[in-house]
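Listed here are the chains, written in short residue letters.
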Amino acid sequence: MSNEKVGTSIEILQRFEQGEETAAEELFARYVSRLTMLARSRLSPRLASRTDPDDVVMSAYRSFFLGARDGKFQLNRSGDLWRLLVSITLHKLYRQVRRHTAEKRSVSSEQSLSWTKEEDLPWLREPSPEEAVTLADELEQLMSSLDSTERSVRELGLQHEPCSIIAGYF
């Protein structure tokens, strides 16, 4: 972002609250990598197979931006925004951990699947034409409901781009 305005996180948040959309991009880019590393560091390898830290961080940012748009946050000193984002991210992460460690879903009760033939592996077979058309229709319907920025973020996510790379585009 070559035309990025420099400012404290409090100033950037104020600009966002006043409707300046580039401020959202600045806030996202400023913290996304650190929040993702934080979320990743708090997951055991077993839970990491079920919970994507990028998804946790995106959910945290969504909650943050909705709350900020409604004026729910009051930042008073340097570091408050980082602490707020960490708090939201950890809340989202621990909620996922509780969900995946609940008795009926517990990670510890997972069993490894074994197939007798390679062609039995569902992720190795080509989808049927009907499955491909159904998926394309559902994906098109979902993408059409998003604005251009959200659509671009989702497209990059579907291409398996990490959040830190996606943030650099906006």
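Note that the coordinates shown come from a computational prediction; the quantities given were computed from them, not determined experimentally.

## Some details on the packing of helix α2 (residues 21-41) against helix α5 (residues 80-101)
In step 1: At a minimum axis separation of 10 Å, α2 and α5 run at an interaxial angle of 45°. It follows from the interaxial angle that α2 and α5 lie oblique. The hand of the α2/α5 crossing is right-handed. Together, Leu27, Tyr31, Arg34, Leu35, Leu38 and Ala39 of α2 and Leu81, Trp82, Leu85, Val86, Thr89, Leu90 and Leu93 of α5 make up the contact between the two elements.
In step 2: Broken down by class, the residue content of the contact of α2 with α5 amounts to eleven nonpolar, one polar and one charged.

## Topic: the nonpolar core
Most often, soluble globular proteins keep nonpolar side chains buried together rather than apart.
In step 1: In this structure, Phe16, Leu27, Tyr61, Phe64 and Leu81 are the most contacted members of the largest nonpolar core, which totals 33 residues.
In step 2: Those elements that place two or more of their residues in this core are α1 (9-17), α2, α4 (53-69), α5 and α8 (163-169).
In step 3: Per-element tally for this core: the top contributor is α2, with nine residues.
In step 4: Those residues in contact with Phe16 that sit more than four places away from it in its chain are Glu21, Ala23, Ala24, Leu27, Phe65, Ala68 and Arg69.

## What about the pattern of salt bridges?
Oppositely charged side chains may form a pair once their charged atoms are brought near each other.
In step 1: In total, this model carries five salt bridges according to the counting rule given.
In step 2: Arg69 is the salt-bridge partner of Glu21, the closest N and O atoms lying 3.1 Å from each other. Within this pair, whereas Glu21 is found in helix α2, its partner Arg69 is found in helix α4, the two being separated by 48 residues in sequence.
In step 3: Given a relative accessible area of 46%, Glu21 falls into the partly exposed group.
In step 4: The exposure class assigned to Arg69 is partly exposed, which follows from its relative accessible area of 49%.
In step 5: One salt bridge connects Asp80 with Arg77, and the closest N-O pair in it is separated by 4.0 Å.
In step 6: A relative accessible area of 13% places Asp80 in the buried class.

## Regarding the confidence of the model for the protein chain
In step 1: Of the residues in the protein chain, 82% reach a pLDDT of 70 or more, and the chain-wide mean stands at 81.
In step 2: By mean pLDDT, helix α3 (residues 45-48) is the weakest element of the protein chain at 76, and α4 is the strongest at 92.

## Details of α1
In step 1: Those residues of α1 not exposed but buried are Ser9, Ile10, Ile12, Leu13, Arg15 and Phe16.
In step 2: Residues of α1 that are buried sit in contact with α2, α4 and α5.
In step 3: With its phi angle positive at about 100°, Gly19 sits one or two positions after the end of α1.

Calculation rules
Residues take numbers from 1 onward in each chain, read along the sequence in its written order. Note on the predicted model: pLDDT of at least 70 is required for a residue's local features to be given, and 80 or more for side-chain atom pairs to be given and counted; whole-chain, interface and lining totals, by contrast, use all residues. With hydrogens and water set aside, each side-chain value is computed from the structure's full complement of heavy atoms. Inter-axis angles, ranging from 0 to 180 degrees, are taken between N-to-C directions of lines fitted to C-alpha atoms, where helices are fitted over the stretch in contact. In this description a helix means any DSSP run of H or I spanning at least four residues, a strand means any run of E spanning at least two, and both kinds are numbered starting from the N terminus. Under this scheme an angle from 65 to 115 degrees is roughly perpendicular, one under 35 degrees roughly parallel, and one over 145 degrees roughly antiparallel; angles in between are oblique. Working rule for handedness: look at the near helix, and if it is turned counterclockwise from the far one by less than a right angle, call the crossing left-handed; if clockwise, right-handed. Note on contacts: a residue pair is in contact if any heavy atoms of the two residues lie within 4.5 Å. Polarity classes work like this: nonpolar for Ala, Val, Leu, Ile, Met, Phe, Trp, Tyr, Cys and Pro, charged for Asp, Glu, Lys and Arg, and polar for all others, with Gly in that last group. Only buried residues count toward a nonpolar core, which is a set of Ala, Val, Leu, Ile, Met, Phe, Trp, Tyr and Cys residues joined through side-chain atoms within 4.5 Å. Burial here depends on accessible area, computed with a 1.4 Å probe over protein chains only, as a share of the maximum for the residue type. Under 20% is buried, over 50% is exposed, and the range in between is partly exposed. What makes a salt bridge here is a side-chain nitrogen of Lys or Arg within 4 Å of a carboxyl oxygen of Asp or Glu, nothing more. Per-residue confidence from the predictor is given as pLDDT, running between 0 and 100.

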